[in-house]
Amino acid sequence: MSGDDYKTMTTADIRDDFLRFFANKGCALYPSSPLIPEDPSLLLTNAGMNQFKEYYQGLKTMREIGACSCQKCLRTNDIENIGDSSHLSFFEMLGNFSFGGYTKADAIAWAFEFITDARHLGLPKDRLYMTVFEDDDEAAELWEAQGVSPDHISRLGVEDNFWAAGPTGPCGPCSEIYFDQGPEFAGVKPGDDGDRYLEFWNLVFTQYDRQEDGSMPELPHRNIDTGMGLERIAAIMQHKGSNYDGDVLRDLIGVGEALAKLRYHQNVATDRSLRILADHSRAVTFMIADGILPSNEGRGYVLRRLLRRAVYHGRLMGIRGSFLARYSHEVIRLMADVYPELTDNQPLIDGIILAEEERFGATLDAGEASLGSELTRLAAGADLPGELAFKLHDTYGFPIDLTREICEGAGHGVDMETFDREMAAQRERARASANRDAWGKAASVWVGLSDKLPETLFEGYDSDICRSAKVLAMVDTDGREITHVAAGERVEVILDRTSFYGEMGGQVGDTGKLVGEATELVVTDTKHHEGGLVSHIANVVSGELEAGDTVDTVVDHDRRELIRRNHTATHLLDAALKEVLGDHVSQAGSLVAPDRLRFDFTHFEAMTPDELGRVEDMVNAEIFAAEPMVTRVMGIEEAKASGAVALFGEKYGDVVRVVSTGKGEKPFSRELCGGTHARNTAELGLFKIVSEGSVGSNARRLEAVTSVGAIEYVDERLQQLDRVAAVLKSRPIDVLARVESLERELRDAKRQLSEATLGASAGQLSSLAEAAVQLEGYRCVFLRLEGPTGKELRGVWDSIRDSMGGGAVACVVASTTPDGRVALLAAGTAAAVDAGFHAGNIIKKLAGTVGGRGGGKAGMAQAGGSDPTGIDRALAQAKSLLAA
Ligand code: SER
């Protein structure tokens, strides 16, 4: 049955054909949204419908009958299963969607047409099976109406045929399409565990909105959400039994074969590693291209885990050194025509992968060392405790397989029961957070307003004032839409036009005034909301305001000028950093405020003073060149083609602003940017970097100032210098020389002081030497001193020996050091040692009495202690020990 009774198609052909098919049906073609979802409650984009959430909820309406897309998705709740022949972390999902625009009957008819029509997939009807939700007679009838025989339609329960993005939110019954791979595969019916009946397309009839209390009111309209795994349908269309045998993934497995010098399908363990590498390396490449950086939490942690698991499996297969870039280059070669963000971010992908590979290599080494020392502590044949194995895995990312392998080599097992229990608990925690689903973000008043109001026009690029703007809506502090406010109240005002810049792209919101005929509002901040709405957050200081009124919008001019300059400075800084550090530098966040700017960017180590100096010089050179800042409005494609820098995850419209320094073909900086800028770089006056630091393992943060801020910064520094000079009683220019000479003086003074202390001790001892005690064969001095340190006691011993004229002499000296601790010394000449004196033995016995430890040789031994109250006892002890 598995013969070639249908045609063959490549992944690229299927993707193309699917999107064309649904575009021809009238669906709007949407590009894939990034892997970082807009919805903050969702960790990673995990389904095609994520980007359409608000359409499902009826908060937005689409002009077309629906949408279609090929969406990048990432699911990692089953990461341990990846490596078998079907599971994937990253995958592409083909989908068509309707938000009331077309019906369930249409969706079923079109799906059937697409998979059976010879101009499209042309799959044989007798190999297709459908499942429907248990009581969904309608779906069953619709399939039958397409000519599907009733014995190819089965009913499944909630587990299989009811789809929800999460515990609450839009959901509904679904119908799945299965392909019969033939009797050589295990399995007897669709929905069982076998591979014979392979589900490849899920049609969800999203019609309910599940509430916290479990009730399921109907959504405003009946929706369609379908998802077809591209890798799976590609494998089917290429007559292969496994996702990994489809064209794209098989190519990536080939990279591993070449690196490890072995062949796929020859050994179960290496096959698993080859698949893990193919899957994880692709996921990692796409994640970094979308701006995710490795970290220990959230999506950064997912990235790190995938990357490390890939590196580890490379090691398992004997691949040495850094190798993941070989995979990412192949991913780029295979997929960049559809996902150009891969090519755009190649330097970053390379840099991050290499840095993580090196870091993890070190972790593996450290983990092996730590495990090694644990093993020496284990009784022969005992199991390594499961908690320890879990800790190695969880804290150091040290893989359990490796732990087991090393333990086995040393004749130990691992308590896997405890390890598995800990792992299960951790998975539960991960699931719980992943289930905070696609619909988590509460629908706010802004979503509703954005549907009925036009985007706010920003007219503040060239002017601070915009006359007669109309009040379109107002929202009170409880988030309710209102139509009237009076003096003393606080309100968010939406106008048709404004000169106020709403906080965006790091640039802070403007402040200023809204002025009506008998009304004045003081605007304390300006924000952006859904659908390009700009809200002025304001206090009404006099008069009243009604929806429909007109006001003049007056931005605080001086503050705005400072913001303009700092925004221009971030562009210059970005360009200079790329120049000095390399193309892997990519903006990872910024703050453009009136008093300073903050710029986060990807880079793998601290910047050196030399690099900082070069960056600063380069930016200042642009400022002194007094280049005009030129803004051109153009199509997004033209902008990208011009080489303008675009930001990660930033959504750009079809028409964009491109801001460049100067008119030339090769400007110092050229970026896509909606912010406000200086008219000429000279307005920045001066640029100074104030601090450089780390924000995460692969990101750095710079803070800098310009113009007034830079002058203030330099002034403050100079004033500090003046104050220091005044204290030093010197001129600022001589401060350094003065400090150096003071340092010298201080060093000398310290030396003199210690010599003086020693001199005094020597004085004490010349008289005490006479009081030396005669012991068996040598004379010994017992001495208590104040001041000398351990080091200085050696000099004391020299003085004692000299003052006693050599021969068989020894001493035991205890001193209270200047920091309140105790220094002990015992020493004897060779003749004293011959006579039986042993400095090391005596010190070992005394040390405990002064709260310390120590020892040494027969001729000289020292100890430090923390308890000066024990000194007298120690000396008495010494006398009695030696006299014995
Ligand atoms: N949202 C459904 C799924 O992910 C159909 O696209 O399976």
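Each chain has its residues counted from 1, following the order in which its sequence is written. Two thresholds apply to this predicted model, a pLDDT of at least 70 for residue-level local features and 80 or more for giving and counting side-chain atom pairs, whereas whole-chain, interface and lining totals are computed over all residues. Side-chain descriptors were evaluated using all non-hydrogen atoms of the structure, hydrogens and water having been removed beforehand.

### A word on the overall build of the chain
What counts, and what does not: Starting at the N terminus, helices and strands are each numbered in turn, a helix being any DSSP run of H or I of at least four residues and a strand any DSSP run of E of at least two. All radius of gyration figures rest on C-alpha atoms, and the globule criterion is 2.2 Å times the number of residues raised to 0.38. Relative accessibility decides the category of a residue: with a 1.4 Å probe and only protein chains considered, values under 20% of the type maximum give buried, values over 50% give exposed, and everything between is partly exposed. Residue contacts follow a heavy-atom distance rule, with two residues in contact if any of their heavy atoms lie within 4.5 Å. The Shrake-Rupley method, run with a 1.4 Å probe, gives the accessible areas here. Residue values count only the displayed protein chains as cover. Note that His is not counted, nor are the chain ends; the positive residues are Lys and Arg, and the negative ones are Asp and Glu. To locate a charge, the coordinates of NZ of Lys, CZ of Arg, CG of Asp or CD of Glu are taken.
For the chain, the count of helices and strands is 25 helices and 34 strands. Relative to the compact-globule value of 29 Å for 884 residues, the chain shows a C-alpha radius of gyration of 38 Å, a clear excess of over 25%. Out of the 884 residues in the chain, the part that is buried amounts to 49%. Sequence-distant contacts in the chain: of pairs separated by 6 or more residues, those separated by 24 or more amount to 68%. Summing over all exposed atoms, the chain offers an accessible surface of approximately 39,400 Å²; the carbon and sulfur share of this is 50%. The distance from the centre of the 93 positive side-chain charges to the centre of the 136 negative ones in the chain is 6 Å.

### Focus on the packing of helix H7 (residues 247–260) against helix H8 (residues 268–289)
Helix-helix packing: each pair is described by the crossing angle between the helix axes and the interaxial distance. Counted only if it meets this: With axes taken as lines fitted to C-alpha atoms, and helix axes fitted only over the stretch in contact, angles between N-to-C directions fall between 0 and 180 degrees. Here is the rule for angles: anything less than 35 degrees is roughly parallel, anything more than 145 is roughly antiparallel, 65 through 115 is roughly perpendicular, and the remaining ranges are oblique. In a left-handed crossing the near helix is turned counterclockwise from the far helix by less than a right angle, and in a right-handed crossing that turn is clockwise. In this classification, the charged set is Asp, Glu, Lys and Arg, the nonpolar set is Ala, Val, Leu, Ile, Met, Phe, Trp, Tyr, Cys and Pro, and all remaining amino acids, among them Gly, are polar.
The contact between H7 and H8 brings their axes to 8 Å, and the two run at 115°. Classified by the interaxial angle, the pair formed by H7 and H8 is roughly perpendicular. Note on packing geometry: the crossing formed by H7 with H8 is right-handed. Here Val248, Leu249, Leu252, Ile253, Gly256 and Glu257 of H7 come into contact with H8, specifically with Leu274, Arg275, Ala278 and Arg282. Class assignment of the residues belonging to the contact of H7 with H8 gives a composition of six nonpolar, one polar and three charged.

### Brief notes about the sheet that holds strand E22 (residues 587–592)
Put simply, the test is: At least two DSSP bridges between two strands are required for those strands to pair.
Across the sheet, four strands lie side by side as E22-E23-E28-E27; this open sheet has antiparallel pairing. Here the strands that pair on one side only, and so sit at the sheet edges, are E22 and strand E27 (687–694). Neighbour-to-neighbour, the strand axes of the sheet open up by a mean angle of 15°, direction not taken into account. Contacts from helix H20 (residues 707–728) reach E27 and strand E28 (699–706), with the element oriented near 90° to E28.

### Structural notes on the nonpolar core
Buried together is how nonpolar side chains tend to be arranged in soluble globular proteins. Just so we agree on the cut-off: What is meant by a nonpolar core is a set of buried Ala, Val, Leu, Ile, Met, Phe, Trp, Tyr and Cys residues, joined one to another through side-chain atoms within 4.5 Å.
Of all hydrophobic cores here, the largest spans 114 residues; its most connected members are Leu123, Trp143, Ile177, Phe200, Trp201 and Ile233. It is H8 that contributes the most residues to this core, nine residues altogether. Counting 25 residues, the second-largest nonpolar core is a separate cluster that includes Leu775, Val822, Ala826 and Leu875.

### Observations regarding the sheet that holds strand E24 (residues 629–635)
The strands that make up a sheet pair up through hydrogen bonds in the backbone, lying either parallel or antiparallel. Reading across the sheet, the three strands line up as E24-E25-E26 and stay open at both edges, with antiparallel pairing between neighbours. The sheet is open, and its two borders are formed by E24 and strand E26 (670–672), each paired with just one other strand. Mean inter-strand twist for the sheet, computed between neighbouring axes without regard to direction, equals 25°.

### Observations regarding helix H9 (residues 298–316)
Quick note on the threshold: By this rule the span expected of a helix is its residue count minus one, scaled by 1.5 Å.
With 19 residues, H9 should reach 27 Å at 1.5 Å per residue; the first-to-last C-alpha distance of 27 Å fits that figure. Just downstream of H9, glycine 318 is the residue with a positive phi angle, here 85°.

### Notes on the packing of aromatic side chains
Put simply, the rule reads: Centre distance within 6.5 Å is the pairing criterion for rings of Phe, Tyr and Trp, where only the six-membered ring of Trp is used; planes under 30 degrees apart are then read as stacked, over 60 as edge-to-face, and the remainder as tilted. Only when the NZ of Lys or the CZ of Arg is both within 6 Å of the ring centre and within 35 degrees of the ring normal is a charge said to sit over the ring.
Within the structure shown, the criterion is met by 27 aromatic pairs. Both rings, one in tyrosine 30 and one in phenylalanine 52, keep their centres 4.9 Å apart while their planes meet at 80°; by these two values the pair is edge-to-face. In this pair, tyrosine 30 sits in strand E1 (residues 27–30) while phenylalanine 52 sits in the loop between E1 and helix H2 (53–56), placing the two residues 22 residues apart along the sequence. Residue classification places tyrosine 30 among the partly exposed residues on the basis of a relative accessible area of 23%. Its relative accessible area of 0% is what places phenylalanine 52 among the buried residues. In textbook terms, an aromatic cluster arises when at least three aromatic residues are bridged by ring pairs, as seen for Phe18, Phe21, Phe22, Tyr102, Trp110, Phe114 and Trp201. Over the ring of phenylalanine 205 we find lysine 104, and its NZ or CZ is 4.6 Å from the ring centre. Over the ring of tyrosine 461 we find arginine 657; its NZ or CZ atom is 3.2 Å from the centre of that ring.

### Considerations on the pattern of salt bridges
Opposite charge on two side chains permits pairing when their charged atoms draw close. Counted only if it meets this: Salt bridges, as used here, are contacts in which a Lys or Arg side-chain nitrogen is within 4 Å of a carboxyl oxygen on Asp or Glu.
Taken as a whole and assessed by the stated rule, the structure comprises 47 salt bridges. The partner of glutamate 561 in a salt bridge is arginine 679, with the nearest N and O atoms 2.6 Å apart. With glutamate 561 in helix H17 (residues 557–581) and arginine 679 in the loop between E26 and E27, this residue pair connects regions lying 118 residues apart in the sequence. Looking at glutamate 561, the relative accessible area reads 10%, which means it is buried. When its relative accessible area of 42% is taken as the criterion, arginine 679 is described as partly exposed. When salt bridges with common partners are traced through the structure, they connect Arg304, Arg308, Glu356 and Arg359 into a single cluster.

### A look at the pairing of strand E15 (residues 490–495)
By the criterion of burial, E15 is predominantly enclosed, with five of the six residues buried. Sheet analysis places E15 next to strand E19 (residues 533–542), joined by five bridges and oriented antiparallel. Counterpart to glutamate 492 in the pairing with E19 is isoleucine 537.

### With respect to the environment of glycine 100
Among the secondary structure elements, glycine 100 is positioned in the loop between strand E3 (90–99) and helix H3 (104–116). In sequence terms glycine 100 and asparagine 223 are 123 residues apart; their C-alpha atoms lie 5.4 Å from each other. Beyond its immediate chain neighbours, meaning those up to four positions away, glycine 100 contacts His221, Arg222 and Asn223.

### So, the site of the ligand
Our working definition: Consider each residue's heavy atoms; a residue with any of them within 4 Å of a molecule or strand counts as near. Polar contact criterion, stated in full: a pair of N or O atoms within 3.5 Å, where within protein one must be able to donate a hydrogen and the other to accept it, and residues adjacent in sequence count only if both atoms are side-chain atoms.
Lining the immediate surroundings of the ligand are Ala47, Met49, Arg75, Met93, Trp163, Asn202, Val204, Asp225, Thr226 and Gly227. Residue arginine 75 places a side-chain N or O atom 3.0 Å away from an oxygen atom belonging to the ligand. Between the ligand and threonine 226, the relevant distance is 3.2 Å, taken from an oxygen atom to a main-chain nitrogen or oxygen of the residue. Only strand E8 (197–204) and strand E10 (223–229) provide two or more residues apiece to the shell around the ligand. Looking at the shell around the ligand residue by residue, the classes come out as five nonpolar, three polar and two charged.

### A few points about the confidence of the model for the chain
Stated formally: As a per-residue measure, pLDDT tells how confident the predictor is, with possible values from 0 to 100.
In this model, the chain carries an average pLDDT of 89, and 95% of its residues clear a pLDDT of 70 or more. Every residue in residues 434–443 is under pLDDT 50, and counting partners more than four places away or in other chains gives 37 contacts.

### A word on the packing of H8 against helix H10 (residues 324–335)
At a closest axis distance of 9 Å, the pairing of H8 and H10 adopts a crossing angle of 75°. Judged by the angle between their axes, H8 and H10 are roughly perpendicular. Taken together, the residues of H10 that come into contact with H8 (itself represented by Leu277, Ala278, Ser281, Arg282, Thr285 and Phe286) are Leu324, Tyr327, Ser328, Val331, Ile332 and Met335. Across the contact of H8 with H10, the residue classes break down as eight nonpolar, three polar and one charged.

### Brief notes about the pairing of E19
Of all the ten residues making up E19, seven are buried; the element is thus mostly covered by neighbouring parts of the structure. As judged from the nine bridges shared by strand E18 (residues 520–529) and E19, these two strands associate in the antiparallel manner. Looking at the pairing, aspartate 525 lines up with isoleucine 537 of E19. Hairpin geometry of E18 and E19 is characterised by an intervening segment of three residues between the two adjacent antiparallel strands and by a positive phi of about 65° at glycine 531.

### Focus on the environment of tryptophan 446
Position of tryptophan 446 relative to the elements: it lies in helix H16 (residues 445–452). Overall, the relative accessible area of 8% leaves tryptophan 446 in the buried class. For the pair tryptophan 446 and glutamine 862, spaced 416 residues apart in the sequence, the C-alpha separation amounts to 76 Å. Excluding residues within four positions of it along the chain, tryptophan 446 makes contact with Val475, Glu492, Ile494, His529, Glu530, Leu533 and Ser535.

### Considering helix H13 (residues 386–396)
Along an α-helix, residues three or four apart share an orientation, since each turn contains 3.6 residues. Which entries qualify depends on this criterion: Picture the helix axis, draw a direction to every C-beta atom, and the arc is the one those directions span.
Along H13, the residues that are buried comprise Gly386, Ala389, Phe390, Leu392 and His393. Down the axis of H13, the sector holding all buried residues measures 155°, keeping them to one side. Positioned one or two residues after H13, glycine 397 has a phi angle of 70°, which is positive.

### Focus on the environment of glycine 386
For glycine 386, the location among the structural elements is in helix H13. When the C-alpha positions of glycine 386 and phenylalanine 91 are compared, they lie 34 Å apart, and in sequence the two are 295 residues distant. Among residues more than four places away in sequence, those in contact with glycine 386 are Asp415, Thr418 and Phe419.

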